[in-house]
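Report on the structure
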Amino acid sequence: MLIVAGLCAPISASAAGIEKVPFGRAQDGTEVDLYILKNDKGMIAKIMTYGALLTELHVPDREGRFGDVVLGFDKLEPYLKGHPYFGATIGRVGNRIAKGKFTLNGKTYTLACNDGPNHLHGGVKGFDKRVWQAEPVKVANGVAVKFTYVSPDGEEGYPGTLTATVVYILTNDNELRLDYRAETDKPTPVNLTNHSYWNLATEGDILNHHLGLLADHYTPVDDTLIPTGEIAPVKGTPMDFTLAHPIGDRLLDLTNSPRGYDHNYVLNSKGKKLALAATVYEPKSGRFMEIITDQPGIQFYSGNFLDGTLTGKHGVTYHKYHGFCLETQHFPDSVNHPNFPSVILRPGKKYKTTTIHKFSVR
Ligand code: BGC
């Protein structure tokens, strides 16, 4: 345990606080630390500096019993070997860019392609595979750690040096709040998000989680998951989560392969201000999660590509639908769709966005 800026102290059974522990070394030898945040209700979040990645989140059920509601590993090694972005901070641009190409101010940029023909989640070595600098910060109603990563000009093909920060705040109201900021020295696309896989039951599949999405529209995709450009209504389709219902209810009506949800929803709030985007209720545990964001979209991914080849925490094998992601974001491939909200950040402007995960029981 190390004390940082007077803010880190060993976490006792009852007290709130922040602890920093060594978590191993990245491939290049850089030390990786794990920050353990505890609020005054006993909720615990663990975030490591590799990928500014949420490794554990302990949330009470309706009996007050704490359980870890995110997928991941016990140790650093399996994260280094490769994984489907469990808990990671995603950047410079989350989601897909068609053929890894876009044109900005008359210049065409070519990015690393790491998902068939397309660029996904920042490329071969995105922000999820970088070691971030971290420091605890003071906040009024909880505990917080700020993670910083400076992405050099040209990294993964992107223009401009981008300084990105994400502050993880665990509030005493049982919220995990993520505040993202970024600045650049050349115009560049930016779309930061968090890629946690949720399982509010802490075990089994997620098909009986009741999901509600405040989205009347979504962006249909081609067979490489690139949006066609259409903004389609969800009404009358299995995509409709405007009334909360179990994720598994209409899954069999989907025809994609591997079958499941992997779509960007267009939030009714249009990303103009912080607004409720999604609710998730797990009936066995009683856990209820609300997602509040100022982003215009949310990618609902039902863990379709989990295939039993990864063994996660406590020796549990992650099969299809073991966890789901709700990635608050700008729409996929926005750089190539002028009708989608822009992801371009310019020098002198500040990228600033917030997503809150609020936990309670029912
Ligand atoms: C994407 C999926 C992808 C997954 C990677 C999600 O954000 O929408 O298509 O397979 O990330 O694990």
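Please refer to the structure higher up on the page.
The following refers to the structure shown. Not measured: the values here are computed from a predicted model.

Moving on: the overall build of the protein. Assigned secondary structure in the protein consists of one helix and 29 strands. Each of the three principal axes of the protein carries a C-alpha extent, and together these read 55 × 45 × 40 Å. Each of the 362 residues in the protein was classed as buried or not, and the buried ones make up 57%. Within the protein, residue pairs in contact and separated by at least 24 positions form 64% of the contacts whose partners lie at least 6 positions apart. Carbon and sulfur atoms form 52% of the exposed surface of the protein, whose accessible area is close to 14,600 Å². If you average the places of the 38 positive and of the 38 negative side-chain charges in the protein, the two averages end up 4 Å apart.

This part takes up the packing of aromatic side chains. On inspection of all chains with the given rule, the structure shows 19 aromatic pairs. With a centroid separation of 5.6 Å and an interplanar angle of 80°, the aromatic rings of phenylalanine 241 and phenylalanine 300 are classed as edge-to-face. Of this pair, phenylalanine 241 sits in the loop between strand E19 (232-233) and strand E20 (245-246) while phenylalanine 300 sits in strand E24 (residues 297-301), and the two are 59 residues apart along the sequence. Through pairs of rings, three or more aromatic residues link up here, namely Phe73, Tyr79, Phe86, Tyr197, Tyr301, Phe305 and Tyr318. The ring centre of phenylalanine 288 lies 3.7 Å from the NZ or CZ of arginine 362, which sits over that ring.

Right, let's talk about the environment of valine 280 for a bit. Note that valine 280 resides in strand E22 (residues 275-281). Since its relative accessible area comes to 0%, valine 280 is described here as buried. Sequence-wise, valine 280 and proline 246 are 34 residues apart; in three dimensions their C-alpha atoms are separated by 9.3 Å. Look past the residues within four positions of valine 280 in its chain and what remains in contact with it is Leu200, His209, His210, Leu211, Arg287, Phe288, Met289, Phe324 and Leu326.

Here we take up unusual backbone geometry. Arginine 92 follows glycine 91 through a cis peptide bond whose omega is 0°. Tracing the backbone through its elements, the reader meets arginine 92 in the loop between strand E6 (89-90) and strand E7 (96-97). The omega torsion of the bond from serine 257 to proline 258 falls at -10°, within 30 degrees of zero and hence cis. Its place among the elements puts proline 258 in the loop between E20 and strand E21 (262-266). The phi dihedral of lysine 270 falls on the positive side, at around 60°, and the residue is not glycine. Turning to its location among the elements, lysine 270 is positioned in the loop between E21 and E22.

Hydrogen bonds between backbone atoms are what pair the strands of a sheet, whose relative direction is either parallel or antiparallel. Taken in spatial order, the five strands line up as E1-E2-E3-E4-E5 in an open sheet, and their pairing is antiparallel. Of all the strands in the sheet, the pair left with one neighbour each is strand E1 (17-25) and strand E5 (66-68). Neighbour to neighbour, the strand axes of the sheet diverge by 20° on average, direction disregarded. Pairing of strand E4 (residues 53-60) with E5 involves three bridges; the strand directions are antiparallel.

Here we have five strands laid out as an open sheet, ordered E19-E18-E21-E24-E27, and antiparallel in their pairing. Every interior strand has two partners, whereas the edge strands, E19 and strand E27 (325-329), have only one. As defined by bridge partners, E21 adjoins E24 across five bridges and the pair is classed as antiparallel. What sits directly across from tyrosine 265, in E24, is isoleucine 298.

As a further point, take the site of the ligand. Taken together, Pro84, Tyr85, Arg96, His121, His195, Tyr197, Leu225, Asp262, Gln299, Tyr301, Phe305 and Glu327 make up all the residues around the ligand. Between the ligand and glutamine 299 there is a distance of 3.2 Å, counted from an oxygen atom to a side-chain nitrogen or oxygen. Contact distances for the ligand include 2.7 Å between an oxygen atom and a side-chain N or O atom of glutamate 327. Out of a free accessible area of 310 Å², the ligand has 94% covered by protein chains. Of the residues contributing to the shell around the ligand, the split by class is six nonpolar, three polar and three charged.

Take glutamate 156: it is sitting in the loop between strand E12 (142-151) and strand E13 (162-171). Here the side chain of glutamate 156 touches lysine 125 through a polar contact of 3.2 Å, landing on its backbone nitrogen. With near-sequence residues (within four places) excluded, glutamate 156 lies in contact with Thr110, Leu111, Ala112, Gly122, Gly123, Val124, Lys125 and Arg130.

Procedures and definitions
Residues numbered from 1 in each chain as written. Predicted model: local features only at pLDDT ≥ 70, side-chain atom pairs only at ≥ 80, totals over all residues. Heavy atoms only, no water. Helix = DSSP H or I, 4+ residues; strand = E, 2+ residues; numbered from the N terminus. Buried < 20%, exposed > 50% of the residue type's maximum accessible area, 1.4 Å probe, protein only. Contact = heavy atoms within 4.5 Å. Areas by Shrake-Rupley, 256 points an atom, 1.4 Å probe, with all protein chains shown as cover. Lys, Arg positive; Asp, Glu negative; His and termini not counted. Charge placed at Lys NZ, Arg CZ, Asp CG, Glu CD. Phe/Tyr/Trp six-rings, centres within 6.5 Å; stacked < 30°, edge-to-face > 60°. Lys NZ or Arg CZ within 6 Å of the ring centre and 35° of its normal. Pairing = 2+ DSSP bridges. Axes fitted to C-alpha atoms, helices over the stretch in contact; angles between N-to-C directions. Near = heavy atom within 4 Å. Polar contact = N/O pair within 3.5 Å; in protein donor to acceptor, adjacent residues only side chain to side chain. Nonpolar A, V, L, I, M, F, W, Y, C, P; charged D, E, K, R; others polar.

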